[in-house]
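Spelled out from the first residue to the last, the chains are:
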Amino acid sequence: MLLSTWMSPLRYGSSAFVLLALAGSALAQPESEPGPGSEDVPEGTPAPAPGDDGPDETSPDDADASRRPVDEVPDDTIALPAPASAPVDVAPAPRPVAEADADAPAEPTGFAFGSYGRVLAGSDLRGGTPEKIAVVAHAPRIVEPSYVETDLYYRFVTPRGVKMRTVTTLAFDDTLFHYTGQFDARPALRNLFLEARTPQGITLWAGSRMYRGDDIYLFDWWPLDELNTVGGGASVARGDLDVAVQAGVNRLLDPFQYQTEQVADPEFGADTVTTLDRQRLIASSYATYHLGLPGGVDGKVKVYGELQSLPSGDRRRNDDTLEHLPQDWGATLGLQLGAWGFGGADSGSHANLFARWSKGLTAFDELAPATGLDGSLAAWPGASELVLGAAGAYGDGWGHVIAGAYTRRFVDADASTMDRDDGWEYAADIRPEVAVAGDVMAGVDVSYQARFPRGLSPTTLLAADPAVFQVAPMIVYAPMGRGAWSRPQLRLVWRIAKLNDAALDAYAIDDPRRAHSTVHFLGVQAEWWFNSSTR
């Protein structure tokens, strides 16, 4: 029965593989003529930095700084390879006498530009739009919507030697004119802050920013520290120890935090006043200790803490009665162990282990109102979240493999012990890519996700554990090299997802997707980053 289910989509699957093979042939380059995308990657090649952490933490495992968090944006632009020339014997010139080292690079100033982006186009092979299949909170990213961030920096040095930098990041979602026919876009201002780095090694910043550490790339998720905040912070590095603190606020335009009301005005007749204004305080701190490991491998231990609070207030219900919202709290403790510096040169090889425990408000995303509250409408102390995660990559001349996995237990604050949103979940994903010819690689992304809710299925009234298995063969063109974090990349991908009965049961009764236990995506993807503030 299962075999017949899988054989049906292979009627058109063979044609998809033909397309994959033809694309690989067309993009292949002879190995005898290495170019800028060969293993000898020129200095300045954009690549992610798996070992980077939040403010002012520069880890030696960085293959390149273009994927660093907002405070680790490189101060130099992409260096293009110099044209080859015949060697010439020239006597070394004497070094000039000067107060500063003539070989030290000049501090870059002025404007700089960076970007992270991805674009997807394809079909579900039924004539519809491809979609991401998720039964867990953080599903594999093999199919994800188009998105772009554009970064603009301005840098200068004060007469006292303080390095100043402004960061502005404008982002756009997948509202693409050529797809919708609507001359519209939905921009978001993701970063807007000023940073100062003193000669004493202290960094200060203030503004609106994404504040992040290390991620699990295959889930596009930061399991330890990922905050969106308007505030300020400071960090200092002394030897092998880096310490940072941050505090900020948000106020969601949601009745949980903010309400307005029209009232009578003796002069103008009516006026709009704010009746509920609950700013959420978000504070965090971390300490990272860098250490040397056997075999020339670098490592780190990072301890993370987070506090959140909401003041009390009165929310007006739809029936015009008032509902009291009490003061609420949240706390998080986390730990990360990391290692890098193994594998081939410029391979991006690294390994990270994460553990995070949250209680109260911090068990929820700070950009969403808390749900499943207790009888007093508070998340503390009933809500909790436990996350254990792992991420890594290994590469050499043959190619590379990227992997990620996590398990999560979430419980909300209400008194029910049979909630469908309470329970355990886990997901695992691995993506090996092997060099085929020149800059062309062949790969496959294999993932599995499952959730184990406490409650019964609302339709069958039986215990049901939704699960999804996905396999996605792909051909990748990577002109900047074979490293795990070499970007840009062009991909031709065929994703096949198999949903079990419990996963189908998660759709609404009249949702036509309930009839399709096998879901496809065949299409192309592009992904890039350079000088990016968030990658």
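Everything here concerns the structure above.
Residues numbered from 1 in each chain as written. Predicted model: local features only at pLDDT ≥ 70, side-chain atom pairs only at ≥ 80, totals over all residues. Heavy atoms only, no water.

Caption draft 1: Layout of the pairing of strand β6 (residues 226-238). As paired elements, strand β5 (residues 202-212) and β6 share 11 bridges and run antiparallel to each other. If you follow threonine 203 over to β6, its bridge partner there is serine 235. Bridge count for β6 against strand β7 (residues 241-250) is nine bridges, and the pairing is antiparallel. Its bridge partner being in β7, alanine 237 is matched across the sheet by aspartate 242. (Pairing = 2+ DSSP bridges. Helix = DSSP H or I, 4+ residues; strand = E, 2+ residues; numbered from the N terminus.)

Caption draft 2: The layout of surface pockets, seen in detail. In this structure, the largest pocket occupies an estimated 820 Å³ of space. What lines the largest pocket is a set of 35 residues, and nearest its centre among them are His138, Asp220, Trp221, Glu226 and Asp365. Among the elements of the structure, β1 (110-123), β2 (147-157), β6, β11 (297-310) and β16 (384-396) are those that each provide at least two residues to the lining of the largest pocket. Broken down by class, the residue content of the lining of the largest pocket amounts to 15 nonpolar, four polar and 16 charged. (1 Å grid on protein atoms, 1.4 Å probe; cavity = no way out; pocket = protein on both sides within 12 Å on 5 of 7 lines; lining within 4 Å. Points joined across faces, edges and corners; volume = space filled by probe spheres on them. Nonpolar A, V, L, I, M, F, W, Y, C, P; charged D, E, K, R; others polar.)

Caption draft 3: How the structure looks around the side chain of aspartate 511. Of note, aspartate 511 is situated in the loop between α4 (501-505) and β22 (518-530). Residue classification places aspartate 511 among the buried residues on the basis of a relative accessible area of 17%. A polar side-chain atom of aspartate 511 sits 2.7 Å from a polar atom in the side chain of arginine 513. (Buried < 20%, exposed > 50% of the residue type's maximum accessible area, 1.4 Å probe, protein only. Polar contact = N/O pair within 3.5 Å; in protein donor to acceptor, adjacent residues only side chain to side chain.)

Caption draft 4: Just the pattern of salt bridges, in detail. A complete count under the given rule lists 27 salt bridges for this structure. Arginine 454 is the salt-bridge partner of aspartate 422, the closest N and O atoms lying 3.9 Å from each other. Remark: arginine 454 occurs in the loop between β19 (440-453) and β20 (467-477) and aspartate 422 occurs in the loop between β17 (399-411) and β18 (423-437); sequence separation between them is 32 residues. On the accessibility criterion, arginine 454 (35% relative accessible area) is partly exposed. The salt bridge involving aspartate 505 is made with arginine 514; its shortest N-O contact spans 3.4 Å. (Salt bridge = Lys/Arg side-chain N within 4 Å of Asp/Glu carboxyl O.)

Caption draft 5: Representation of the environment of isoleucine 430 in the model. Relative to the helices and strands, isoleucine 430 is located in strand β18. Assessed through its relative accessible area of 39%, isoleucine 430 is described here as partly exposed. In contact with isoleucine 430, other than residues within four places in its own chain, are Leu218, Val401, Ile402, Ala403, Val444, Asp445 and Val446. (Contact = heavy atoms within 4.5 Å.)

Caption draft 6: Spotlight on empty space enclosed by the protein. Applying the stated criterion across every chain, the model contains five cavities of 30 Å³ or more. Approximately 120 Å³ is the volume found for the largest cavity. In terms of lining residues, the largest cavity is bounded by 14 residues, among which Arg118, Arg141, Glu144, Arg491 and Gln525 are the most central. Those elements that place two or more of their residues in the lining of the largest cavity are β1 and β22.

Caption draft 7: Looking closely at the side chain of glutamine 308. Among the secondary structure elements, glutamine 308 is positioned in strand β11. In this structure the side chain of glutamine 308 is engaged in a polar contact, spanning 2.8 Å, whose partner is the side chain of glutamate 306. Once residues lying within four places of it in the same chain are set aside, the contact partners of glutamine 308 are Arg280, Leu281, Ile282, Asp328, Trp329, Gly330, Leu361, Thr362 and Glu366.

Caption draft 8: Region of interest: unusual backbone geometry. Along the chain, tryptophan 380 connects to proline 381 via a cis peptide bond; the corresponding omega equals 5 degrees. Along the chain, proline 381 falls in the loop between β15 (350-360) and β16. Cis geometry is found at the peptide bond from arginine 487 to proline 488, where omega equals 15 degrees. Here proline 488 shows up in the loop between β20 and β21 (489-499). One non-glycine residue, leucine 377, lies in the positive phi region at around 70 degrees. Counting through the fold element by element, leucine 377 comes out in the loop between β15 and β16. One non-glycine residue, asparagine 531, adopts positive backbone phi at about 50 degrees. Among the secondary structure elements, asparagine 531 is positioned in the segment after β22.

Caption draft 9: Up close: a nonpolar patch on the surface. A surface patch of nonpolar side chains, about 760 Å² in accessible area, is lined by Leu241, Val243, Tyr289, Leu291, Leu293, Val301, Val303, Leu335, Leu337 and Leu353. Every element with two or more residues in the nonpolar patch is listed here: β7, β10 (280-293), β11 and β14 (328-340). The dominant element in the nonpolar patch, judged by the number of residues it contributes, is β10, at three residues. In this structure, leucine 335 sits in strand β14. (Patch = residues over 30% accessible without salt bridge, like charges linked within 9 Å, V, L, I, M, F, W, Y side chains within 5 Å. Areas by Shrake-Rupley, 256 points an atom, 1.4 Å probe, with all protein chains shown as cover.)

Caption draft 10: Broad picture of the nonpolar core. With 31 residues, the main nonpolar core has Ile133, Val468 and Leu499 as its most contacted residues. Those elements giving two or more residues to this core turn out to be β5, β10, β16, β21 and α4. The residues touching leucine 499, leaving out its near neighbours within four places in the chain, are Ile133, Ala467, Val468, Leu504, Tyr507, Ser517 and Val519. Core analysis: the next-biggest nonpolar cluster, separate from the first, contains 11 residues, Ala363, Phe364, Ala370 and Ala379 among them. (Core = buried A, V, L, I, M, F, W, Y, C linked by side-chain atoms within 4.5 Å.)

Caption draft 11: Spatial organisation of the packing of aromatic side chains. Taken as a whole and judged by the stated rule, the model has 15 aromatic pairs. Plain terms: the ring middles of phenylalanine 113 and phenylalanine 530 are 5.8 Å apart, the flat faces sit at 55 degrees to each other, and that makes the pair tilted. With phenylalanine 113 in strand β1 and phenylalanine 530 in strand β22, this pair connects stretches of sequence that are 417 residues apart. A residue is classified by how much of its surface remains accessible, and phenylalanine 530, at 23% relative accessible area, is partly exposed. Ring geometry for tryptophan 221 and tyrosine 406: centres 4.8 Å apart, planes at 65 degrees, overall edge-to-face. With tryptophan 221 in the loop between β5 and β6 and tyrosine 406 in strand β17, this pair connects stretches of sequence that are 185 residues apart. This pair shows no difference in class: tryptophan 221 is buried, exactly as tyrosine 406 is. The ring of phenylalanine 193 has arginine 209 sitting right over it, with the charged end atom 4.2 Å from the ring centre. (Phe/Tyr/Trp six-rings, centres within 6.5 Å; stacked < 30°, edge-to-face > 60°. Lys NZ or Arg CZ within 6 Å of the ring centre and 35° of its normal.)

Caption draft 12: View of the environment of glutamine 525. Secondary-structure assignment places glutamine 525 in strand β22. Accessibility expressed as a relative area gives 8% for glutamine 525, which makes it buried. C-alpha of glutamine 525 to C-alpha of valine 476: the two residues are 49 residues apart in sequence and 9.4 Å apart in space. Discounting residues that sit within four places of it in the chain, glutamine 525 has contacts with Val119, Leu120, Ile142, Val143, Gln489, Leu490, Arg491 and Val493.

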